[in-house]
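Here are the chains, one letter per residue:
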Amino acid sequence: MIATGYRNNFDVAPGLGPDGNAVTITTMEDAIRAGDRWRALLADPGDVVVGATQGASCFGAAYEFLFNAAYQLKRAKLKGKVKLTYVTAEPFLGHFGIGGLPHGEALLGMFLRKEGIEAITDASVEYVDSDAIRLRTGQDVPFRYAMLVPPFVGQDVVAKSGLADDKGYVPVRPTYQTVEHDEIYAVGIAAAVTVPWQTPTPVGVPKTGFPTETMAHVAARNIAAQIRGETPVDEKPFADIKAVCVMDAGNNGVIILADKMLPPRKHGLLIPGPQAHLMKLGFEKYFLWKARNGYVMLP
């Protein structure tokens, strides 16, 4: 089973990466750098830009960082003194890389207006300078602190294996067997996903924790069937996996639920409120307790 995760693609725009002008939060090392620069910002405040570049897929993390940044600026008594801007490749607010959900654009728009955040959608980053993000429209978005989520690509070892597409992802069947090999599986970010739309600025699909776990369970049941000499029959196409996400927003948040990850859907729901923040805190404490004590069989 190939479950090798992702690499950041910092080549999408000059000025990204560990030595660049904008930070990101997609690895532990990146998050530490982002925290160091955030503390420097609080000591010497200036404009903040948060966003996700063209081709990015982890929009939920960008929104979480955005609203947590707004909350922390408020706590530092900097609300209204620091301009906060959200720059995203999404065609509209709340697209999330999954085509959006009912009332999602209105809800996210309300959140942004409440916090005084300006949004620039359908944005493509040309480069990140030392004090401004240049968009392909020619617009400059100035900043003292910038956090951008880049696109993801597959690991080098997978890209060089001959199994992967041009992004380093492995095409799979609904059983999560690879297209060409019955005995090789791929799940999570390593698995290629077909997207049923095109957007003016390219966006990726978020292969996050819940769908990854679902894919892994399907693959594990099929591997067990093969070991028993049976034909793998368990299927769950990525598009049909339920969307379950809790988005933290400082002291608020949104619970995101849908019957399918990708449209067409029958049901989709966004539930705002502080309970989402409390759920996120509770899950963090539970997960760390489970990991530290080795209780791997717990959900």
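Quick note: structure is the one above.
Note that the structure is a prediction, hence the values are computed from the model and not measured.

Q: How should the packing of aromatic side chains be read in this particular structure?
A: The description of an aromatic ring pair rests on the distance of the ring centres and on the angle between the ring planes. Overall, the coordinates contain 12 aromatic pairs when judged by the stated rule. Taken together, a centroid distance of 6.4 Å and an interplanar angle of 0° make the contact between F65 and Y145 stacked. Of this pair, F65 sits in helix 2 (residues 59-75) while Y145 sits in strand 8 (residues 145-149), placing them 80 residues apart in sequence. By relative accessible area, Y145 is classed as buried at 2%. Look at Y286 and W289: their rings are 6.3 Å apart centre to centre, the planes differ by 35°, and that puts the pair in the tilted class.

Q: Looking at this model, I keep getting lost on the packing of helix 2 against helix 3 (residues 104-115). Mind explaining?
A: For any two helices packed against each other, one specifies the inter-axial angle together with the distance between the axes. Where helix 2 meets helix 3, the axes come as close as 11 Å, and the angle between the chain directions of the two elements is 25°. Put simply, helix 2 runs roughly parallel to helix 3. Pair helix 2 / helix 3 crosses with left-handed handedness. Along its contact with helix 2, which presents Y63, L66, F67, A70 and K74, the element helix 3 presents L108, F111, L112, K114 and E115. The residue makeup of the contact of helix 2 with helix 3, split by class, is seven nonpolar, no polar and three charged.

Q: What's the story with the sheet that holds strand 12 (residues 268-272) in this structure? I'm lost.
A: Strand pairing within a sheet occurs via backbone hydrogen bonds; the two strands may be parallel or antiparallel. Strand order in the open sheet made by the three strands is 10-11-12, with antiparallel pairing throughout. The open sheet has two edge strands, strand 10 (243-248) and strand 12, and neither has a second partner. This sheet shows a mean twist of 10° between the axes of neighbouring strands, independent of strand direction. With six bridges joining them, strand 10 and strand 11 (residues 253-258) adopt antiparallel strand pairing. Along strand 11, the bridge assignment pairs V246 with I255. The sheet strands contacting helix 3 are strand 10, strand 11 and strand 12, and the helix crosses strand 12 at an angle near 20°.

Q: Quick question: what am I supposed to make of the environment of D36 here?
A: Within the secondary structure, D36 is located in helix 1 (residues 28-43). Residue class for D36 comes out partly exposed when judged on its relative accessible area of 42%. Through-space distance from the C-alpha of D36 to that of K236 is 42 Å; in sequence the pair is 200 residues apart. A polar side-chain atom of D36 sits 2.7 Å from a polar atom in the side chain of R39.

Q: Would you mind showing me how to read helix 5 (residues 209-227) here?
A: Because an α-helix completes one turn every 3.6 residues, residues spaced three or four positions apart along the sequence face the same direction. Taking 1.5 Å of rise per residue, 19 residues should cover 27 Å, and helix 5 covers 27 Å from first to last C-alpha, within 8% of that figure. Residues P211, T214, M215, V218, A219, N222 and A225 constitute the buried set of helix 5. One face of helix 5 carries all of its buried residues, which in axial projection span an arc of 130°. Within helix 5, the exposed residues directed more than 90 degrees away from the buried face are G209 and I227. Just downstream of helix 5, G229 is the residue with a positive phi angle, here 85°.

Q: Would you mind going over the side chain of Q54 with me for this structure?
A: Topologically, Q54 is positioned in the loop between strand 2 (48-52) and helix 2. In this structure the side chain of Q54 is engaged in a polar contact, spanning 2.7 Å, whose partner is the backbone nitrogen of V125. Ignoring anything within four residues of it in the chain, the contact list for Q54 reads V12, A89, A123, S124, V125, R136, P151, T201 and P202.

Q: Would you explain the side chain of T88 in this entry?
A: The residue T88 is located in strand 3 (residues 84-88) in this model. In terms of polar contacts, T88 uses its side chain to reach the side chain of E90, at 2.7 Å. Once you skip the residues sitting within four places of it in the chain, T88 turns out to touch A52, F59, I120, T121, D122 and A123.

What counts and what doesn't
Residues numbered from 1 in each chain as written. Predicted model: local features only at pLDDT ≥ 70, side-chain atom pairs only at ≥ 80, totals over all residues. Heavy atoms only, no water. Phe/Tyr/Trp six-rings, centres within 6.5 Å; stacked < 30°, edge-to-face > 60°. Helix = DSSP H or I, 4+ residues; strand = E, 2+ residues; numbered from the N terminus. Buried < 20%, exposed > 50% of the residue type's maximum accessible area, 1.4 Å probe, protein only. Axes fitted to C-alpha atoms, helices over the stretch in contact; angles between N-to-C directions. Parallel < 35°, antiparallel > 145°, perpendicular 65-115°, else oblique. Left-handed = near helix turned anticlockwise from the far one by under 90°. Contact = heavy atoms within 4.5 Å. Nonpolar A, V, L, I, M, F, W, Y, C, P; charged D, E, K, R; others polar. Pairing = 2+ DSSP bridges. Polar contact = N/O pair within 3.5 Å; in protein donor to acceptor, adjacent residues only side chain to side chain. Expected span 1.5 Å × (residues − 1). Arc of directions from axis to C-beta.

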